[in-house]
Amino acid sequence: MFIGPSLGCYCLLFFFLLGDAGAEGSQKAAPEQVHLSYPGEPGCMTVTWTTWVPAASEVQFGLQLDGVLPLRAQGASSPFVDGGILRRKLYMHRVTLQGLLPGVQYVYRCGSAQGWSRRFRFRALQSGPNWSPRLAVFGDMGADNPQALPRLRRETQQGMYDVVLHVGDFAYNMDQDNARVGDTFMRLIEPVAASIPYMTCPGNHEERYNFSNYRARFSMPGNTEGLWYSWDLGPAHIISFSTEVYFFLHYGRHLIQKQFRWLERDLQKANDNRALRPWIITMGHRPMYCSNADLDDCTQHESIVRKGLSGGRYGLEDLFYKYGVDLQLWAHEHSYERLWPIYDYQVYNGSQENPYTNPRGPVHIITGSAGCEELLTPFKPFPRPWSAIRVREYGFTRLHILNSTHLHVQQVSDDQDGKIVDDVWLVRPRQGRRTYL
């Protein structure tokens, strides 16, 4: 029988969709895209994963790699319907493990009687302020061209890191191809993210459908679906927030005020707690400053993130300066740039010989060169007076919070086979509440 062109197209589409459903559905209840996050409570860890059908949410865990895993924890799942034309439905499972012993390595698997993941290992975070967390920090990593990922995977498996900070922009983009790109990305990062807490903040590439893929796929502390939150790690208080509330106003201008008021309360509390946790570190996607050759917000003299809405409302630079934020981590620009201690375009080095020893302004690090389909971002020909170093190579940042007075930053170049292309210590004599004013 002859099938006309239009009917033939419909048949092909039907069989394509059927095949796609079959690929997803051959083991619909088998967990995939497994990843960890720290819920902010000592002795706890949250396990998140995806299935294609409703199933129970259980984690079995213990200390031995082989044999029975004696401990059990139950959680819950929730359906996530992607906003794309196919309205694909995924089930997101979340289980929080409790009573973990600090620094002890656990073996776990997740799932249900309908299907189990393979076994993974993680080390419970140390509790209290008196230890030295090691972090891998980067933003802007895609499902295509994730240049830094193989090295991150190797170094994670070697036990080099306690935590990952992914400073916005995942997959490029998680919503694409009816959220299949998001699935691909989450599978790619699983060897890293199922082994250490993978902590996040939203970027501009998560915007579609009101950041729904980001909010559904990650499990961050607090009750804002990961849009803004804070947590303690060793001698540091880490604050994650959304720069995107300033740019996607159709999702609600009230979010700017709501986040700003939360930030001020959190910063005030953290500043009062300096005796216990002297470092305050922030992470947000779009920088206040940069010297890249594009038209992004950070290239504008009065950048929105820095100065806020028209009339100077809700600007973050004054807020972070007031409460003495030590280190500000950014991404968005596909390059690495370290600034001199800065406020309002003025450099406030500690001294000429030791600019980062007791600096009189916050230190900014822009680390968005993990690799994505948009490649690297060029710099303007001449660095600004406030720019200390610029690196246009794929890579990521190592952050070692050594103790209450010393913090170590290194930039790893993947283009140069892991060479350290920037190395700086931030040093502050221990003291109480801090302000640069």
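The following paragraphs examine the structure supplied in this document. (Residues numbered from 1 in each chain as written. Predicted model: local features only at pLDDT ≥ 70, side-chain atom pairs only at ≥ 80, totals over all residues. Heavy atoms only, no water.)

### Section: the side chain of Q259
Position of Q259 relative to the elements: it lies in helix α5 (residues 254-272). When its relative accessible area of 0% is taken as the criterion, Q259 is described as buried. A distance of 2.8 Å separates a polar atom in the side chain of Q259 from the backbone nitrogen of S242. Apart from the residues within four sequence positions on either side, Q259 is in contact with L227, W228, F241, S242, V245 and Y246. (Helix = DSSP H or I, 4+ residues; strand = E, 2+ residues; numbered from the N terminus. Buried < 20%, exposed > 50% of the residue type's maximum accessible area, 1.4 Å probe, protein only. Polar contact = N/O pair within 3.5 Å; in protein donor to acceptor, adjacent residues only side chain to side chain. Contact = heavy atoms within 4.5 Å.)

### Some words on the sheet that holds strand β24 (residues 363-367)
The mixed open sheet is built from seven strands, whose spatial order is β15-β16-β17-β20-β24-β21-β25. Two strands bound the open sheet, and with one partner strand each, they are β15 (229-233) and β25 (387-391). Between one strand axis and the next, the sheet turns through 15° on average, direction left out of account. With four bridges connecting them, strand β21 (residues 336-339) and β25 associate as antiparallel partners. Bridge assignment links E337 to a residue of β25, and that residue is R390. (Pairing = 2+ DSSP bridges. Axes fitted to C-alpha atoms, helices over the stretch in contact; angles between N-to-C directions.)

### As for the nonpolar core
If you look at the biggest cluster of nonpolar residues, it comprises 90 residues, and the most contacted ones within it are Y198, L316 and L399. Of the residues forming this core, the biggest block, seven residues, is contributed by α5. Counting residues in each nonpolar core, the second largest holds 18 residues, with V34, W49, V95 and F122 among its members. (Core = buried A, V, L, I, M, F, W, Y, C linked by side-chain atoms within 4.5 Å.)

### Looking at the sheet that holds strand β14 (residues 198-201)
Within the open sheet, the six strands sit side by side as β14-β12-β10-β26-β27-β28. Their pairing is mixed. Strands at the two margins of the open sheet, each flanked by one partner only, are β14 and β28 (419-427). Across this sheet, the average inter-strand angle for adjacent strands is 20°, counted without regard to direction. Relative to β14, strand β12 (residues 163-167) runs parallel, the two being bridged by four bridges. By the bridge assignment, V167 is partnered in β14 with C201. Each of β12 and β14 touches helix α3 (residues 176-193); the most contacted strand, β14, lies at about 130° to it.

### Considering the state of the cysteines
The full count for this structure, using the stated rule, is one disulfide. What pairs with C290 in a disulfide is C298, and their sulfur atoms sit 2.1 Å apart. Disulfide C290 to C298: torsion about the S-S bond roughly 75°, handedness right-handed. The residues C290 and C298 share a single accessibility class, namely buried. Summary of cysteine pairing: C44 is not part of a disulfide, and the nearest cysteine sulfur, belonging to C110, is at 17 Å. Taking the relative accessible area as the measure of exposure, C44 reaches 11% and is therefore buried. With no disulfide of its own, C201 has C298 as its nearest cysteine by sulfur position, at a separation of 14 Å. (Disulfide = S-S within 2.5 Å.)

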